[in-house]
Amino acid sequence: MIREKVLESMVVELRRGTQILMVLDALQTSQYGYSLLQTLEQRGVLIEAGTLYPLLRRLDAQGLLESTWDTSESRPRKYYQLNQDGEDILYELKKAWLSIVDNMTQLFKED
């Protein structure tokens, strides 16, 4: 029981570390929160709305996103898309991720 909880906690931490990369990648096209949840789900990425919305606000506050309100529908929606800084960060994160994957692959081959 304790072992399973420890493993589950560690898997959550691994996912948390990749969520920013996945969200930034999905925001190469303009999306609002719910459409982003659907896009990520279609890609096999399960992220809770309670995790996604604060992450979007944080990325926006960090200056990585352009955000605009669409009030043409009865329900206003806030759309997000990467700006140039966001695209640059995504590029660097992808390079870092590939380096980590290469390192881990080498490590696992040694086992």
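Asks: Just to check I follow, could you spell out the overall build of the protein for this structure?
Replies: Secondary structure summary: the protein contains 4 helices and 3 strands in total. In sequence order, the protein lays out its α and β elements as α-β-α-α-β-β-α. Relative to its 111 residues, the protein shows a buried fraction of 26%. Sequence-distant contacts, at least 24 apart, represent 46% of the contacts inside the protein between residues at least 6 apart. Summed over all atoms, the accessible surface of the protein reaches about 8200 Å², with 54% contributed by carbon and sulfur. For the protein, the centre of its 13 positive side-chain charges and the centre of its 17 negative side-chain charges are spaced 5 Å apart.

Asks: Sorry, what's going on with the nonpolar core here?
Replies: The tendency in soluble globular proteins is for nonpolar side chains to be buried as a group. Judged by nonpolar contacts, the single largest core of 19 residues is most densely connected at Val 23, Leu 27, Leu 36, Leu 56 and Leu 65. Where this core is concerned, the elements lending two or more residues are α1 (2-26), α2 (33-42), α3 (49-61) and β3 (77-82).

Asks: Which parts of the structure should I look at to understand helix α4 (residues 84-110)?
Replies: Residue pairs spaced three or four apart in an α-helix point in one direction, given the helix's 3.6 residues per turn. With 27 residues, α4 extends 40 Å between its outermost C-alpha atoms, agreeing within 8% with the 39 Å of an ideal straight helix rising 1.5 Å per residue. Sitting at the amino-terminal end of α4 is Asn 83, which places a side-chain oxygen 3.0 Å from the backbone nitrogen of Asp 85.

Asks: How do you make sense of the sheet that holds strand β1 (residues 31-32) when you look at a structure like this?
Replies: Strand-to-strand pairing in sheets goes through backbone hydrogen bonds, with the strands running parallel or antiparallel. What the 3 strands build is an open sheet, ordered β1-β3-β2; its pairing is antiparallel. The open sheet has two free edges, formed respectively by β1 and β2 (65-70), since each of these has just one partner strand. Sheet topology note: the β1/β3 ladder contains 2 bridges and is antiparallel. Bridging across to β3, Tyr 32 finds its partner in Tyr 79.

Asks: Is there a simple way to explain a nonpolar patch on the surface in this structure?
Replies: Together, Trp 97, Leu 98, Ile 100, Val 101, Met 104, Leu 107 and Phe 108 make up a nonpolar patch on the protein surface, roughly 640 Å² of accessible area in all. Within the secondary structure layout, Trp 97 lies in helix α4.

Asks: So what exactly am I meant to see when it comes to the environment of Gln 42 here?
Replies: Locating Gln 42 in the fold gives a position in helix α2. Separated by 23 residues in sequence, Gln 42 and Gln 19 place their C-alpha atoms 15 Å apart.

Calculation notes
- Residues numbered from 1 in each chain as written.
- Predicted model: local features only at pLDDT ≥ 70, side-chain atom pairs only at ≥ 80, totals over all residues.
- Heavy atoms only, no water.
- Helix = DSSP H or I, 4+ residues; strand = E, 2+ residues; numbered from the N terminus.
- Buried < 20%, exposed > 50% of the residue type's maximum accessible area, 1.4 Å probe, protein only.
- Contact = heavy atoms within 4.5 Å.
- Areas by Shrake-Rupley, 256 points an atom, 1.4 Å probe, with all protein chains shown as cover.
- Lys, Arg positive; Asp, Glu negative; His and termini not counted.
- Charge placed at Lys NZ, Arg CZ, Asp CG, Glu CD.
- Core = buried A, V, L, I, M, F, W, Y, C linked by side-chain atoms within 4.5 Å.
- Expected span 1.5 Å × (residues − 1).
- Polar contact = N/O pair within 3.5 Å; in protein donor to acceptor, adjacent residues only side chain to side chain.
- Pairing = 2+ DSSP bridges.
- Patch = residues over 30% accessible without salt bridge, like charges linked within 9 Å, V, L, I, M, F, W, Y side chains within 5 Å.
- Salt bridge = Lys/Arg side-chain N within 4 Å of Asp/Glu carboxyl O.

Just distances and angles here, no functional claims.
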